[in-house]
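Per-entry structural report
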Amino acid sequence: DESTYLCLAKPARRANPGVTLHIGDAMRAHIAGVSDEHPGARVVRFEATDGDVEGAIDTAGTAPLPPYIRTRLDDPGRYQTVYADGKAESAAAPTAGLHFTERAISSLRERGVAWTAVQLEVGLATFVPIRATTLDAHVMHQERCTVSQKTADAVDVTRRQGGRVIAVGTTVVRTLESHTTATGALWAGSHDTSLYITPGFRFRVVDGLLTNFHQPRSSLLALLAAFVGADRWRMAYDHALVHGYRFLSFGDCMLCWRRDA
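Everything in this summary refers to the structure shown in the same document. None of the values given here were measured: they were computed from a predicted structure.

1. Thoughts on the overall build of the protein
- Scanning the protein from N- to C-terminus turns up seven helices and ten strands.
- On the principal axes, the C-alpha backbone points of the protein span a range of 55 × 40 × 40 Å.
- The proportion of buried residues among the 261 residues of the protein is 38%.
- Across the protein, contacts joining residues at least 24 apart in sequence account for 63% of those joining residues at least 6 apart.
- If you sum the accessible surface of the protein, you get close to 15,400 Å²; carbon and sulfur atoms cover 50% of it.
- Charged side chains of the protein number 28 positive and 28 negative; the gap between the two group centres comes to 7 Å.

2. Some words on the packing of helix α6 (residues 219-228) against helix α7 (residues 230-242)
- Direction vectors running N to C along α6 and α7 enclose 120°, while the axes themselves pass 6 Å from each other. If you check the angle between α6 and α7, you find them oblique. At the point where α6 passes α7, the crossing takes the right-handed sense. Taking contact as the criterion, the partners of Leu221, Leu224, Ala225 and Val228 in α6 are, on α7, Ala230, Arg232, Trp233 and Tyr237.
- Taken together, the residues of the contact of α6 with α7 break down into seven nonpolar, no polar and one charged.

3. Here we look at helix α5 (residues 170-178)
- Burial of α5 is extensive: nine of the nine residues sit out of reach of the surface.
- Among all positions of α5, only Thr170, Thr171, Val172, Val173, Arg174, Thr175, Leu176, Glu177 and Ser178 are buried.

4. Brief notes about the sheet that holds strand β4 (residues 41-48)
- The strand order across the open sheet built from four strands is β1-β4-β3-β2, with neighbouring strands paired in antiparallel fashion. A strand with exactly one partner marks an edge of an open sheet, and here the two such strands are β1 (4-8) and β2 (20-23). Strand-to-strand twist across the sheet, computed as the mean angle between neighbouring axes with direction ignored, equals 35°.
- Pairing analysis gives four bridges linking β2 to strand β3 (residues 27-34), with the strands arranged antiparallel. Paired with Leu21 across the strands is Ala29, a residue of β3.

5. Some points on the side chain of Asn212
- Topologically, Asn212 is positioned in strand β9 (residues 208-212).
- At 3.0 Å, the side chain of Asn212 forms a polar contact with the side chain of His99.
- Polar contacts involving the side chain of Asn212 include one to the main-chain carbonyl oxygen of Leu248, which spans 3.0 Å.
- With near-sequence residues (within four places) excluded, Asn212 lies in contact with Thr95, Ala96, His99, Tyr237, Leu248, Ser249, Gly251, Asp252 and Cys253.

What counts and how
- Residue numbers run consecutively from 1 along every chain, following the written order of its sequence.
- Residues qualify for local features only when their pLDDT is at least 70, as the model is predicted, and side-chain atom pairs are given and counted only at 80 or more; totals for whole chains, interfaces and linings, by contrast, use all residues.
- Working from all heavy atoms in the structure, the side-chain values ignore hydrogens and water.
- Only DSSP runs of H or I with at least four residues qualify as helices, and only runs of E with at least two residues qualify as strands; both kinds are numbered from the N terminus onward.
- Throughout, exposure labels follow a simple rule: accessible area from a 1.4 Å probe, protein chains only, divided by the maximum for the residue type, with under 20% read as buried, over 50% as exposed, and the rest as partly exposed.
- In what follows, a contact means two residues having at least one pair of non-hydrogen atoms within 4.5 Å.
- Per-residue and other accessible areas were derived by the Shrake-Rupley procedure at a 1.4 Å probe size, with only the shown protein chains allowed to occlude residues.
- His is not counted here, nor are the chain ends, while Lys and Arg score as positive and Asp and Glu score as negative.
- Lys charges are placed at NZ, Arg charges at CZ, Asp charges at CG and Glu charges at CD.
- Axis lines are fitted through C-alpha atoms, for helices just across the contact stretch, and the angle between N-to-C directions can take any value from 0 to 180 degrees.
- Reported orientations rely on four angle classes, namely roughly parallel under 35 degrees, roughly antiparallel over 145, roughly perpendicular from 65 to 115, and oblique for the rest.
- Handedness of a crossing follows from how the near helix is turned relative to the far one, being left-handed for an anticlockwise turn of less than a right angle and right-handed for a clockwise one.
- Ten residues, namely Ala, Val, Leu, Ile, Met, Phe, Trp, Tyr, Cys and Pro, are considered nonpolar, four, namely Asp, Glu, Lys and Arg, are considered charged, and the remaining ones, Gly among them, are considered polar.
- The rule for pairing is simple: two strands pair if DSSP sees at least two bridges between them.
- In the analysis that follows, any N or O atom pair within 3.5 Å is treated as a polar contact, provided that within protein one partner can donate a hydrogen and the other can accept it, and provided that, for residues neighboring in sequence, both atoms belong to side chains.

Here it is, written out as structure tokens:
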């Protein structure tokens, strides 16, 4: 229901079923159970003194940041894209999009580059590292993604006119490829995707990818290897390491083209 969430707890050993956490005076969190989706995942039922759980979470909570960012984020807008729209649903921003400003987007449009948006509710699938000994043994969790009819039509027009579809971030790649039919057409709507892109995957929509530099043993890096090829991604990362590029969410990014484009 609307007051029950699947949460990551740290340290999880202290969040056992039956425990109640008091979050200020406005909210309580009851640990209802242990989830098998992640070692630190708990089913948590929130209770707000005024009945507005979403409002209490917004008031008491802070923007969920990757574990390697240890400084408190006083301005949540710094971890958000300038083109974000609608209700907050995702646990993280598509960090490749953090490189864009309103001025940059306007400049692209002036050059004839069309712009449209999709939505993917980032969750465990994006964050969980690959702990298995092989890529194939890794299990992807589901994440909700949405493609509007406007976006589906824009991509269709671009492709029919001989243009290229460039995804800003790996989440956009997963969303578009999850909404693609066998013929390569996009269908509009929302669904839960567990699409896991590894080398050998056949891309049907995305021609180019703008992406940050990712951590080892991540599904994001596996996606990149599938997109550009095993040799090319290693060359790019070797170059980045030698020249001191910044990795991860607030780091540098690169524009790369599909291996068979």
